[in-house]
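These are the residues of each chain, in order.
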Amino acid sequence: MALEPKKKKAKHEDSYLSVGEFNDKKKAAVPRAVLADEFTRQFKTVEVFAADIKDRTKTSELIRSLNDKFPLAGLEHLKRVRSIKHGKDAIIQIILCPKKKQCVDFTSSLKDILQQNRIDSELLGEPFVTNVAKHSPLTREQFSEASSCWPVNFHEDKYISRVLRGELFDDGELQLITKFMRLAIQIAATNMTSQKFPIGAVIVDPQTNHAIAMSYDLRYTGHPLQHSVMVCIDLVAHNQLSGAWQLDCEAVNGTWTMSERIPQLQEHLNFSHHNKHSLDSKPSETGERSLNVMEPSDLATNKDQICKSTPYLCTGYDLYVTREPCVMCAMALVHSRIRRVFYGCSDNVLGALGSRYKIHTQTGLNHHFEVFSGVLEEECRSIFEQSFAYDLC
């Protein structure tokens, strides 16, 4: 009897962490999407004047007349008429105008409209006040609530619906998300005993599932602005022969990281003296690092080649960070054109991607990205809290 063939490795397996480490019996927790408030806001209504249409054959004429005289500004999501069952028959009702914009002499204005359009005023019943949805429905749940008051127009966004149902990621994608967040946690853990802020960040190219850069927080040991996200973005810039800070960093197997060794990650990054390289420095004959000075023409040529082969900063990349970014880091992510952000625990004091603010949903910005929270939330929160407990000991 022939032996069964070995199971093929997952396509998304790489040199950092084996996907098999996360093939637990329990399904990985689904990351929570951080959406604009419009998708989760409380249902609200406004009052409008409506009336029965006595002659159904005149409905189209009434709609045209009222749309001209009393347009539903701000309430364009409402259908002008509705049909209500009344025994075996149906009554057609029409919205006349919003109550807050009612004319001083509404009856007189209505008669003028009917007279101008040669419509008998007897075609309408007595006006009454009814509640309608204040906002256009963006989700199926909002559509159901709005329709219970008055018919509305609704065009479902299939992608948002999948997000709300928790169906955006399949099992393989959830394993990858968990894998890279565990990598960020391991990076954060190196700061617990070295007087550094315990936050780790990893920027990944989702096309290859390869980590482009990873960093820990340097705000207490370096510059106050060197939060882990800021440093990680700057490491991506180093990959493109740029960068705002002169960091002690190097590229190992295509991943930019700080030169200081991270013991827990050595086996996953496959540190090799033969593969180590840095674009801005090289070992001297004495073994010390010295500046690798390039001719301006060579530097310009290299930059041009890199610009052609790589996207602008973080365009199309994903960020994994153990703690919710602050406003500064969130705006840096906007300017660097990040694609998605996954974070572990929230920051109720400074968090800018869901807790205190939602920078990524601001309509005035020229770039927007998706945000997901709650990835290995308890582990991320625990490592952050343990660090401060360690400092107090």
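Residues numbered from 1 in each chain as written. Predicted model: local features only at pLDDT ≥ 70, side-chain atom pairs only at ≥ 80, totals over all residues. Heavy atoms only, no water.

Going by what an unreviewed UniProt entry lists, the protein is known as CMP/dCMP-type deaminase domain-containing protein and is assigned to Porites evermanni. According to its UniProt record, the protein has this under Sequence similarities (unreviewed entry): "Belongs to the cytidine and deoxycytidylate deaminase family. ADAT3 subfamily." (UniProt positions renumbered as here; feature names shortened; annotations may be inferred.)

A.B. asks: I keep staring at the pattern of salt bridges and nothing clicks. Help me out?
C.D. replies: Pairing between side chains of opposite charge can happen when the charged atoms of each approach one another. Under the defined criterion, the tally for this structure stands at 14 salt bridges. The partner of Arg32 in a salt bridge is Glu377, and the shortest N-O contact between them spans 3.2 Å. Pair noted here: Arg32 is in strand 1 (residues 32-33) and Glu377 is in helix 10 (residues 377-392), with a separation of 345 residues, a long-range link. For Arg32, a relative accessible area of 42% corresponds to the partly exposed category. Across the pair Arg182 and Glu379 runs a salt bridge whose closest N-O atoms are separated by 2.9 Å. One end of the pair, Arg182, is in helix 5 (residues 171-189); the other, Glu379, is in helix 10, with 197 residues separating them in the sequence. Given the relative accessible area of 34%, Glu379 is considered partly exposed. (Salt bridge = Lys/Arg side-chain N within 4 Å of Asp/Glu carboxyl O. Helix = DSSP H or I, 4+ residues; strand = E, 2+ residues; numbered from the N terminus. Buried < 20%, exposed > 50% of the residue type's maximum accessible area, 1.4 Å probe, protein only.)

A.B. asks: Any chance you could explain empty space enclosed by the protein here in plain terms?
C.D. replies: A probe matching the size of a water molecule, rolled over the atoms, marks out where space remains unfilled. A full pass over the atoms with the stated rule returns one cavity of 30 Å³ or more. The space that makes up the largest cavity amounts to roughly 80 Å³. What lines the largest cavity is simply Arg41, Gln42, Phe43, Lys44, Ala133, Lys134, His135, Ser136, Pro137, Gln142, Glu145 and Ala146. The leading source of residues in the lining of the largest cavity is helix 3 (residues 140-147), at three residues. Counted by class, the lining of the largest cavity contains four nonpolar, four polar and four charged residues. (1 Å grid on protein atoms, 1.4 Å probe; cavity = no way out; pocket = protein on both sides within 12 Å on 5 of 7 lines; lining within 4 Å. Points joined across faces, edges and corners; volume = space filled by probe spheres on them. Nonpolar A, V, L, I, M, F, W, Y, C, P; charged D, E, K, R; others polar.)

A.B. asks: Help me understand helix 5, please; the structure alone is not making it clear to me.
C.D. replies: One full turn of an α-helix is made of 3.6 residues, so residues set three or four places apart face in the same direction. The end-to-end C-alpha distance of helix 5 is 27 Å, a good match for the 27 Å that 19 residues give at a rise of 1.5 Å each. With respect to burial, helix 5 is a largely interior element, 14 of its 19 residues being buried. Where helix 5 begins, one side-chain oxygen reaches toward the backbone nitrogen of Gly172, 3.1 Å away; that side chain belongs to Asp170. (Expected span 1.5 Å × (residues − 1). Polar contact = N/O pair within 3.5 Å; in protein donor to acceptor, adjacent residues only side chain to side chain.)

A.B. asks: Can you walk me through the environment of Leu319 in this structure?
C.D. replies: Locating Leu319 in the fold gives a position in strand 12 (residues 318-323). Placed 108 residues apart in sequence, Leu319 and Ala211 show a C-alpha to C-alpha distance of 9.6 Å. If we ignore the near neighbours within four places in the chain, the residues touching Leu319 are Ala201, Val202, Ile203, Val229, Leu333, Ile338, Arg340, Val341 and Phe342. (Contact = heavy atoms within 4.5 Å.)

A.B. asks: I would appreciate a short explanation of the confidence of the model for the protein in the present structure.
C.D. replies: It should be kept in mind that the predicted coordinates are not to be read in detail where pLDDT is low. Confidence along the protein averages 79 in pLDDT terms, with 72% of residues attaining 70 or more. In the predicted structure, residues 1-26 sits below a pLDDT of 50 and forms 33 contacts with residues beyond four places in sequence or in another chain. Below a pLDDT of 50 lies the segment residues 389-393, which in the model reaches two contacts outside its immediate sequence neighbourhood of four places, other chains included. (pLDDT = per-residue confidence, 0-100.)

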